[in-house]
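# Residue-level structure breakdown
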Amino acid sequence: MRIDIVTIFPQFFDILDLSLLGKARAQGIIDLHVHDLRDATHDRHRAVDDTPYGGGAGMVMKPEPWGETLDAIFEASPVDSPLVVFPSPAGTTFTQPYAHELSRESHIIFGCGRYEGIDQRVFEYAASRARVQLVSLGDYVLNGGEVAVMAMIEAFGRLIPGVVGNPESLVEESHEQGLLEYPSYTKPAVWRDREVPSILLSGHHANIAAWRHEQQVERTQRVRPDLYAAWANEQ
Ligand SMILES: OB(O)c1ccc2cc[nH]c2c1
């Protein structure tokens, strides 16, 4: 998978050299390109923003640097129709099923907005050349798209075959199969007078699996009644 990130803070993504995603890049599973939007400016101040038409507080990201940067990425794309994802408070909510969809893409371009956002014509232009999605992490507002892009890359990157050593570890996680994960324990069997549930020491794998499922259902019903209702409706 090729991933391109357009941002005015390219150093923000240096962290993607670390851990599993860094290893995936070294193995060639992920081909990452980070683009500094200011490299597509041609004035002395390397301006990427300007005042909003119609007035109002704050600044808006100029369309020209975005157009020039996106055109260069489109030209280099290994596919005819890459997916362009813009984090936005006005986007659809990012979910685990959507992370799975992203993990199956061949080329994803992330556009990180800042200030009051990006000139609307950039989204329109991008949609004339590629598939475009505005995506929100949730009902809150960040100062820009970079943190959201990092979270999304971590969420779908770990689902790409070969990135996580043991794919079995991806199966019983929260939001897989629509339930939250069961509680986990490790040695010692007693810690500060707190014991590990005896069922987990029984060696009876069927009973352990049943107990873990019960824990998932109980936790989901208690913590996320919305998820529980959707899961129960599927049973
Ligand atoms: O909360 B967000 O996902 C988000 C995304 C992009 C911009 C651009 C300016 N503020 C933003 C917030």
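The name given to the protein chain in an unreviewed UniProt entry is tRNA (guanine-N(1)-)-methyltransferase, with Gulosibacter bifidus as the source organism. In its Sequence similarities (unreviewed entry) section, the UniProt entry covering the protein chain states "Belongs to the RNA methyltransferase TrmD family." As stated in UniProt under Subcellular location (unreviewed entry), the record for the protein chain gives "Cytoplasm".

## A short note on the overall build of the protein chain
When helices and strands are tallied, the protein chain shows seven helices and nine strands. With the principal axes as the frame, the protein chain shows a C-alpha extent of 70 × 40 × 40 Å. Split into buried and exposed, the 235 residues of the protein chain put 40% on the buried side. Sequence separation of at least 24 residues holds for 74% of the intrachain contacts in the protein chain that already meet a minimum separation of 6. In the protein chain, the 20 positive side-chain charges and the 33 negative ones have mean positions that sit 5 Å from each other.

## Focus on helix α5 (residues 146-157)
Relative to the 16 Å expected for twelve residues at 1.5 Å per residue, α5 spans 16 Å between its end C-alpha atoms, a close match to the ideal helical length. A large share of α5 lies buried, amounting to nine of its twelve residues. Looking at the packing, one finds that the buried side of α5 touches β1 (2-7), α1 (19-26), β5 (83-93), α3 (96-103), β6 (107-111) and β7 (131-136).

## Examining the pairing of β1
A large share of β1 lies buried, amounting to six of its six residues. Residues Arg2, Asp4 and Val6 of β1 are buried on one face, and the alternating residues Ile3, Ile5 and Thr7, pointing to the opposite face, are buried as well. Direction of pairing for β1 relative to strand β2 (residues 31-36): parallel, over a ladder of six bridges. Bridge pairing in β2 places Val6 opposite His35.

## Points about the UniProt feature "binding site: S-adenosyl-L-methionine" (unreviewed entry) in the protein chain
Per the UniProt entry, the sites bearing "binding site: S-adenosyl-L-methionine" (unreviewed entry) are Gly113, Leu137, Gly138, Asp139, Tyr140, Val141 and Leu142 in this numbering. Take Asp139: it is sitting in the loop between β7 and α5. By the secondary structure assignment, Val141 is in the loop between β7 and α5. Val141 sits in the exposed class, given a relative accessible area of 64%.

## A word on the site of the ligand
Residues in contact with the ligand, as listed here, are Pro87, Ser88, Pro89, Gly113, Arg114, Tyr115, Tyr140, Val141, Leu142, Asn143, Gly144 and Gly145. In the environment of the ligand, an oxygen atom lies 2.9 Å from a nitrogen or oxygen atom belonging to the backbone of Leu142. Relative to its unbound accessible area of 310 Å², the ligand is 92% covered by the protein chains. Its residues placed into classes, the shell around the ligand shows six nonpolar, five polar and one charged.

## Focus on the side chain of Ser88
Inspection of the secondary structure puts Ser88 in strand β5. Overall, the relative accessible area of 15% leaves Ser88 in the buried class. Not counting the four nearest positions on each side in its chain, Ser88 is found in contact with Leu134, Val135 and Ser136.

## A closer look at the confidence of the model for the protein chain
For any part of a model where pLDDT is low, the fine detail of the predicted coordinates should not be relied upon. The predicted model of the protein chain averages 96 in pLDDT, with 100% of residues at 70 or higher. In the predicted complex, the global pTM is 0.94; the interface-specific ipTM is 0.94.

## With respect to unusual backbone geometry
Residue Pro188 is bonded to the preceding Lys187 through a cis peptide linkage, with omega at 5 degrees. Looking at the element boundaries, Pro188 is found in the loop between α5 and β8 (190-191). Here the phi dihedral of His175 falls at roughly 75 degrees; this positive angle occurs in a residue that is not glycine. Here His175 is to be found in the loop between α5 and β8.

Cut-offs used in this document
- Residues numbered from 1 in each chain as written.
- Predicted model: local features only at pLDDT ≥ 70, side-chain atom pairs only at ≥ 80, totals over all residues.
- Heavy atoms only, no water.
- UniProt positions renumbered as here; feature names shortened; annotations may be inferred.
- Helix = DSSP H or I, 4+ residues; strand = E, 2+ residues; numbered from the N terminus.
- Buried < 20%, exposed > 50% of the residue type's maximum accessible area, 1.4 Å probe, protein only.
- Contact = heavy atoms within 4.5 Å.
- Lys, Arg positive; Asp, Glu negative; His and termini not counted.
- Charge placed at Lys NZ, Arg CZ, Asp CG, Glu CD.
- Expected span 1.5 Å × (residues − 1).
- Pairing = 2+ DSSP bridges.
- Near = heavy atom within 4 Å.
- Polar contact = N/O pair within 3.5 Å; in protein donor to acceptor, adjacent residues only side chain to side chain.
- Areas by Shrake-Rupley, 256 points an atom, 1.4 Å probe, with all protein chains shown as cover.
- Nonpolar A, V, L, I, M, F, W, Y, C, P; charged D, E, K, R; others polar.
- pLDDT = per-residue confidence, 0-100.

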